[in-house]
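The lines below spell out each chain.
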Amino acid sequence: MDFAPYIRDIEDFPKPGVVFKDITPLLKDPKAFQKAGDALLGFTHNMQIDKVVGVDSRGFIFAPMLAEKLGAGFITVRKSGKLPYSTISESYDLEYGTGILEMHSDAIEKGDRVLVHDDVLATGGTAQAVCKLVEKLGGEVVQCNFLIELTFLNGAEKIRRYPKEVLLKY
Ligand code: PRP
Ligand code: HPA
């Protein structure tokens, strides 16, 4: 299936000069939504995965489904101040700002094989921070997968150490 028709460009969002890839038309279409989930799952062909990490907030759309289908646990990485238990944190830069990401300190066991999922790979700051959080707890990132990669922002460079799969590249 060609997913490109379901991705909408929004100019100057959330800041002037940014052309934002809006995935909500894809989510709204039952068939495109289902096929996109199937395709993301297909990227993990027969890999043993213990935990799927979803990134606040749009990473939470597909990551729980992937975890459920893979028989893995679902872990949330959240923007700072949202997680209630003890946390580890990483600061990061993204296309239109900076921030701090947190994960519960007991989210990953040593040796866990981890799939990291997010909707968009842009500058890679977010994904890199998430992989660092996983590794701080002794997990192994076995794949990062995304719906969309904005290749012109070179995010792949920041996560070149990890296998990467993407549905749509711009
Ligand atoms: C977006 C997107 C990724 C990140 C990618 O999230 O969902 O998480 O930016 O950017 P990067 O590769 O430059 O780090 P955002 O921080 O806008 O949060 P949201 O999902 O809550 O909208
Ligand atoms: N679209 C959606 N999310 C994003 C983008 C974008 O263009 N850039 C960084 N995160």
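The name given to the chain in an unreviewed UniProt entry is Adenine phosphoribosyltransferase, with Flagellimonas profundi as the source organism. As recorded by UniProt, the Subcellular location (unreviewed entry) comment attached to the chain reads in full: "Cytoplasm". Turning to the chain, the UniProt record has this under Sequence similarities (unreviewed entry): "Belongs to the purine/pyrimidine phosphoribosyltransferase family."

## As for the UniProt feature "domain: Phosphoribosyltransferase" (unreviewed entry) in the chain
UniProt annotation of "domain: Phosphoribosyltransferase" (unreviewed entry) refers to residues 31-151 when read in the numbering used here. Counted over residues 31-151, helix gives 26% and strand 39%. Its end C-alpha atoms are 26 Å apart.

## Overview of the sheet that holds strand E8 (residues 140-149)
Overall, mixed pairing links the 7 strands, which are arranged E5-E6-E4-E3-E7-E8-E9 in an open sheet. Of all strands in the sheet, those with a lone pairing partner are strand E5 (87-94) and strand E9 (164-169), marking the two edges. Within this sheet the neighbouring strands show an average axis-to-axis angle of 20°, counted without direction. Of the strands in this sheet, strand E3 (51-55), strand E4 (73-79), strand E7 (113-121) and E8 are in contact with helix H3 (residues 63-70), which crosses E3 at around 175°.

## Overview of the nonpolar core
Among the nonpolar cores identified, the biggest contains 26 residues, and Val53, Met103, Ile108, Val116 and Cys144 are the most heavily contacted of them. Every element with two or more residues in this core is listed here: E3, E4, E5, strand E6 (97-104), E7, helix H4 (125-136) and E8. With 6 residues, H4 is the largest single contributor of residues to this core. In this structure valine 116 touches Val53, Val130, Cys131, Val134, Val141, Gln143, Cys144 and Asn145, once residues within four positions along its chain are discounted. Among the nonpolar cores identified, the runner-up in size contains 23 residues, and Ile7, Ala32, Ala67 and Ala72 belong to it.

## A short note on the site of ligand 2
Inspection of the region around ligand 2 gives Val19, Phe20, Lys21, Arg58, Glu95, Tyr96, Val120, Ala122 and Leu150 as its neighbouring residues. Within the backbone of valine 19, an N or O atom sits 3.4 Å from an oxygen atom of ligand 2. Surface burial for ligand 2 is 94%, taken as the share of its 260 Å² of free accessible area covered by protein chains. Among the elements that make up the shell around ligand 2, the one with the highest residue count is strand E2 (residues 19-22) (3 residues).

## Looking at the packing of aromatic side chains
Counted under the stated rule, the structure contains 3 aromatic pairs. When the centroid spacing of 5.3 Å and the interplanar angle of 55° are considered together, the rings of phenylalanine 33 and phenylalanine 62 count as tilted. With a gap of 29 residues between them, phenylalanine 33 in helix H2 (residues 30-42) and phenylalanine 62 in the loop between E3 and H3 connect regions that are remote in the sequence. Classification of phenylalanine 33 by relative accessible area gives partly exposed; the value is 34%. According to the relative accessible area criterion, phenylalanine 62 is buried, its value standing at 2%. Note on phenylalanine 60 and phenylalanine 74: the rings are 6.1 Å apart at their centroids and 90° apart in plane angle, and the pair reads as edge-to-face. In this pair, phenylalanine 60 is assigned in the loop between E3 and H3 and phenylalanine 74 in strand E4, connecting sequence segments 14 residues apart. Since its relative accessible area comes to 23%, phenylalanine 60 is described here as partly exposed. Relative accessible area serves as the criterion here: at 33%, phenylalanine 74 is assigned to the partly exposed category. For the cation-ring pair, lysine 21 lies above tyrosine 170, with the distance from its terminal atom to the ring centre recorded as 3.8 Å.

The rules behind each value
Residues numbered from 1 in each chain as written. Chains lettered and ligands numbered in written order. Predicted model: local features only at pLDDT ≥ 70, side-chain atom pairs only at ≥ 80, totals over all residues. Heavy atoms only, no water. UniProt positions renumbered as here; feature names shortened; annotations may be inferred. Helix = DSSP H or I, 4+ residues; strand = E, 2+ residues; numbered from the N terminus. Pairing = 2+ DSSP bridges. Axes fitted to C-alpha atoms, helices over the stretch in contact; angles between N-to-C directions. Contact = heavy atoms within 4.5 Å. Core = buried A, V, L, I, M, F, W, Y, C linked by side-chain atoms within 4.5 Å. Buried < 20%, exposed > 50% of the residue type's maximum accessible area, 1.4 Å probe, protein only. Near = heavy atom within 4 Å. Polar contact = N/O pair within 3.5 Å; in protein donor to acceptor, adjacent residues only side chain to side chain. Areas by Shrake-Rupley, 256 points an atom, 1.4 Å probe, with all protein chains shown as cover. Phe/Tyr/Trp six-rings, centres within 6.5 Å; stacked < 30°, edge-to-face > 60°. Lys NZ or Arg CZ within 6 Å of the ring centre and 35° of its normal.

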